[in-house]
Amino acid sequence: MSDFPTLQTQRLQLREITAADAPALLAIHGDAQAMRWFGNEPLTELQQAEKLVDVFAAWRKLPNPGVRWGIALHDSDALIGSCGIFKWNRGWRCCTLGYELAQHAWGQGYMREALTAALDWGFEHMALNRIEAQVHPDNAASLKSVEKLGFVLEGRIRQAGFWLGQYHDLLQYGLLRSDYPRPTP
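Residues numbered from 1 in each chain as written. Predicted model: local features only at pLDDT ≥ 70, side-chain atom pairs only at ≥ 80, totals over all residues. Heavy atoms only, no water.

### A few points about the pattern of salt bridges
For step 1, the next point in the chain: Enumeration according to the criterion identifies eight salt bridges in this entry.
For step 2, the next point in the chain: For R60, the salt bridge identified is with E16, shortest N-O distance 3.3 Å. Taken together, the positions of R60 in the loop between α3 (46-58) and β3 (67-73) and E16 in strand β2 (residues 12-16) put the pair 44 residues apart, joining distant regions of the chain.
For step 3, the next point in the chain: Classification of R60 as buried rests on a relative accessible area of 17%.
For step 4, the next point in the chain: Judged by relative accessible area, E16 falls into the partly exposed class, the value being 33%.
For step 5, the next point in the chain: Salt-bridge contacts for D169 lead to R156; the nearest nitrogen and oxygen are separated by 3.1 Å. With D169 in strand β8 (residues 166-176) and R156 in strand β7 (residues 152-163), this residue pair connects regions lying 13 residues apart in the sequence. (Salt bridge = Lys/Arg side-chain N within 4 Å of Asp/Glu carboxyl O. Helix = DSSP H or I, 4+ residues; strand = E, 2+ residues; numbered from the N terminus. Buried < 20%, exposed > 50% of the residue type's maximum accessible area, 1.4 Å probe, protein only.)

What follows is the structure, encoded as structure tokens:
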């Protein structure tokens, strides 16, 4: 994964996250309402967002690499969110999906469009057989998104996450290559 895989959709560009995106990442990851299901404490300082840019860039160099795309509208380079596939187990041909979106972009179908492009890329270029997603049981919008994309609920992982001072159960979803091509809207 040496060259960053830029992707284009009808309305979006999925591109590399750069240092210039740190203020937008702070706005998104600093929004407690938007991040309540994400699995991390909200960011409070620009330096934390700058470090997050470095973390996402480093994913491509890990033994089990991944890629995190910045999501921007075609008519603007401003970041409205990010999505990625990571923890790539080459031997098992599987990885994990993660994503978040700025509140002002909610409800417009952007995340589904971005995730469809990311899933397509993962199945094609990483030779994946399985992509996993873990979603908080109270995150209705995310549950709806993964189910529309064809993910199947496989069970509950009890107290799998810890953020905002408490443990959280997560629902385990899986999408198999045999479940693809993606479902129709």
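### Some remarks on the packing of aromatic side chains
For step 1, the next point in the chain: Under the definition given, this model contains five aromatic pairs.
For step 2, the next point in the chain: Taking 4.8 Å as the distance between ring centres and 45° as the angle between the ring planes, the aromatic pair formed by F123 and Y180 counts as tilted. In this pair, F123 sits in helix α4 (residues 110-125) while Y180 sits in the segment after β8, placing the two residues 57 residues apart along the sequence. Judged on exposure class, the residue F123 and its partner Y180 are both buried.
For step 3, the next point in the chain: Grouping aromatic residues by their ring pairs yields a cluster made of F56, W59 and F86.
For step 4, the next point in the chain: Of note, R90 hangs over the ring of W88, and the distance from its end group to the ring centre comes to 4.4 Å. (Phe/Tyr/Trp six-rings, centres within 6.5 Å; stacked < 30°, edge-to-face > 60°. Lys NZ or Arg CZ within 6 Å of the ring centre and 35° of its normal.)

### Some remarks on the confidence of the model for the protein chain
As a general rule, the predicted coordinates of low-pLDDT regions are not to be interpreted in detail.
For step 1, the next point in the chain: Taken residue by residue, the protein chain gives an average pLDDT of 91. The fraction at 70 or more is 96%.
For step 2, the next point in the chain: Ranking the helices and strands of the protein chain by mean pLDDT puts strand β6 (residues 130-135) first, with 97, and helix α2 (residues 32-35) last, with 85. (pLDDT = per-residue confidence, 0-100.)

### Focus on the side chain of D21
For step 1, the next point in the chain: Of note, D21 is situated in the loop between β2 and α1 (22-29).
For step 2, the next point in the chain: A distance of 2.8 Å separates the side chain of D21 from the side chain of R15, its partner in a polar contact.
For step 3, the next point in the chain: With residues near it in sequence (within four places) discarded, D21 still touches R15, E16 and L79. (Polar contact = N/O pair within 3.5 Å; in protein donor to acceptor, adjacent residues only side chain to side chain. Contact = heavy atoms within 4.5 Å.)

### Things to note about the nonpolar core
For step 1, the next point in the chain: W69, C83, I85, L97, I131 and F151 are the most contacted members of the largest nonpolar core, which totals 38 residues.
For step 2, the next point in the chain: Those elements giving two or more residues to this core turn out to be β2, β3, β4 (79-89), β5 (94-101), α4, β6, α5 (140-148) and β8.
For step 3, the next point in the chain: Broken down by element, this core gets its largest block of residues, nine residues, from α4.
For step 4, the next point in the chain: Excluding residues within four positions of it along the chain, L97 makes contact with G84, I85, F86, L115, L119, I131, E132, A133 and F151. (Core = buried A, V, L, I, M, F, W, Y, C linked by side-chain atoms within 4.5 Å.)

### So, unusual backbone geometry
For step 1, the next point in the chain: Within the chain, K87 stands out as a residue other than glycine whose phi angle is a positive 55°.
For step 2, the next point in the chain: As for its placement among the helices and strands, K87 is situated in strand β4.
For step 3, the next point in the chain: K87 gets classed as exposed once you look at its relative accessible area, which sits at 56%.

### As for α4
For step 1, the next point in the chain: Compared with the 22 Å implied by 1.5 Å per residue over 16 residues, the 22 Å span of α4 between its first and last C-alpha is a close match.
For step 2, the next point in the chain: Within α4, twelve of the 16 residues are buried, leaving the element largely enclosed by the surrounding structure.
For step 3, the next point in the chain: Those residues of α4 that sit buried are Y110, M111, E113, A114, L115, T116, A117, A118, L119, W121, G122 and F123.
For step 4, the next point in the chain: With its phi angle positive at about 55°, A127 sits one or two positions after the end of α4. (Expected span 1.5 Å × (residues − 1).)

### Topic: the pairing of β7
Remember that side chains alternate between the two faces of the sheet whenever the strand is regular.
For step 1, the next point in the chain: Examined bridge by bridge, β7 and β8 share eight bridges and lie antiparallel to one another. When the sheet's bridge partners are listed, F162 is paired in β8 with Y167.
For step 2, the next point in the chain: Counting the residues in the hairpin turn of β7 and β8 gives two residues, including L164, whose phi is positive at 55°. (Pairing = 2+ DSSP bridges.)

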